[in-house]
Amino acid sequence: MEAGALIIIFALLVLFAFLGLGAWATVKAVGAAKRGVDRTITQARRTVEDTALRAKSFGQVGVAGALAQLRLDLRTSMRATQQALYQGVQADASLKESIGLFERLSAHGYELDDELKRLELEPDRGRIGAMLPELKERTAKITEAADSLRWAARDRARRFAEDDLSALSAQIEVESGALRDWSRESVDELAAAAAAWDAQQPPAGSAGSAGRSGSAGSPAGRAPEPPAALNPKPPQTGYPWQKAPRPETTT
């Protein structure tokens, strides 16, 4: 009875664990889907705003067109710098400090963008026209700082790529030289071994003389059998890389 109760309790615990794990996975999936939808909506809103700003900057003149162009320049520079830094930090951790500086710069950029957006609805165009020089100067300071961070990060990544390519090229040259030296040594060793083998072989006439002397001392009617050690297998005259000669055809 006690064993059955333990089995039931254990089964209930396993069931509750699976239910809890399923609920946690569901919450995580819903959160991820919500974040994906939010990013999609944000991206779509930015695309619509950028398109509207381009239309205003090209289609309107005066204060309205100038404000739209300032907002477009500001957003384009800040977005390009953000993308460059956050992609570069994945390969170069030293860009974290640059990202911190960019986040501080972004606070000024958001503030300026909000101000320009409010001024687009301002009916007093004369007052806005008087503010344009100061607004252009602020926009130029922010965009120049963002551009400086972006190009510095790109120059750093390009320099690292060039240094890595130079080191790789040097290693390949060393390895190529080692391979060439190994090939020459191998050919020389094979040639030396063949020459040493040829030098160890007896002259051509010595075998015939030995055969005649052996025939004189053998019994009549029986050919002498030379020892195996004195009748070695003919050496291979060709090298391993040479092709075997084709047999001559009788046709």
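Residues numbered from 1 in each chain as written. Predicted model: local features only at pLDDT ≥ 70, side-chain atom pairs only at ≥ 80, totals over all residues. Heavy atoms only, no water.

A. Seen up close, the overall build of the protein. For the protein, the helix and strand inventory stands at five helices and zero strands. For the protein, the α and β elements follow one another from N to C terminus as α-α-α-α-α. Sorting the 251 residues of the protein into buried and exposed places 18% on the buried side. A separation threshold of at least 6 residues defines the contact pool for the protein, and within that pool the share at least 24 residues apart is 67%. Element-wise, carbon and sulfur atoms account for 62% of the exposed surface of the protein, whose accessible area totals about 19,500 Å². (Helix = DSSP H or I, 4+ residues; strand = E, 2+ residues; numbered from the N terminus. Buried < 20%, exposed > 50% of the residue type's maximum accessible area, 1.4 Å probe, protein only. Contact = heavy atoms within 4.5 Å. Areas by Shrake-Rupley, 256 points an atom, 1.4 Å probe, with all protein chains shown as cover.)

B. Molecular detail of the environment of Thr 139. Residue position: Thr 139 is located in helix α4 (residues 125–200). The class of Thr 139 is buried, set by a relative accessible area of 4%. Thr 139 sits 69 residues away from Leu 70 along the chain, and the two C-alpha atoms are 6.8 Å apart. Beyond its immediate stretch of four places on either side in the chain, Thr 139 contacts Leu 70, Leu 74, Leu 112 and Leu 116. From its side chain, Thr 139 meets the backbone oxygen of Leu 135 in a polar contact 2.8 Å long. (Polar contact = N/O pair within 3.5 Å; in protein donor to acceptor, adjacent residues only side chain to side chain.)

C. Quick look at helix α3 (residues 96–119). The end-to-end C-alpha distance of α3 is 35 Å, a good match for the 34 Å that 24 residues give at a rise of 1.5 Å each. Listed as buried for α3 are Ser 98, Ile 99, Phe 102, Leu 105, Ser 106, Gly 109, Leu 112, Asp 113, Glu 115, Leu 116 and Leu 119. (Expected span 1.5 Å × (residues − 1).)

D. Seen up close, a nonpolar patch on the surface. A grouping of Ile 8, Leu 12, Leu 15, Phe 16 and Leu 19 is seen on the molecular surface, where their side chains present a nonpolar patch of about 500 Å² in accessible area. For Leu 15, the position within the fold is in helix α1 (residues 2–59). (Patch = residues over 30% accessible without salt bridge, like charges linked within 9 Å, V, L, I, M, F, W, Y side chains within 5 Å. Salt bridge = Lys/Arg side-chain N within 4 Å of Asp/Glu carboxyl O.)

E. Up close: the packing of aromatic side chains. Considering all chains together, one arrives at zero aromatic pairs under this definition. When the ring centre of Trp 151 is taken as reference, the NZ or CZ atom of Arg 154 above it lies at 5.1 Å. (Phe/Tyr/Trp six-rings, centres within 6.5 Å; stacked < 30°, edge-to-face > 60°. Lys NZ or Arg CZ within 6 Å of the ring centre and 35° of its normal.)

F. Local environment of the environment of Val 63. Along the chain, Val 63 turns up in helix α2 (residues 63–88). With residues near it in sequence (within four places) discarded, Val 63 still touches Arg 125, Ile 128, Gly 129 and Leu 132.

G. Quick look at the pattern of salt bridges. Counted under the stated rule, the structure contains eleven salt bridges. The closest approach of N and O atoms between Arg 71 and Glu 120, which form a salt bridge, is 3.4 Å. Residue Arg 71 is located in helix α2, and its partner Glu 120 is located in the loop between α3 and α4; the two are separated by 49 residues in the primary sequence. Arg 71 gets classed as buried once you look at its relative accessible area, which sits at 5%. Note on Glu 120: relative accessible area 16%, which makes it buried. Among the salt bridges present, the one from Asp 92 reaches Arg 156, with a minimum N-O distance of 2.4 Å. A residue pair is termed long-range when its members are at least 10 positions apart, and Asp 92 in the loop between α2 and α3 and Arg 156 in helix α4 qualify at 64 residues. Accessibility expressed as a relative area gives 34% for Arg 156, which makes it partly exposed. Shared partners join several salt bridges into a network, and the residues in it are Arg 71, Arg 75, Asp 113 and Glu 120.

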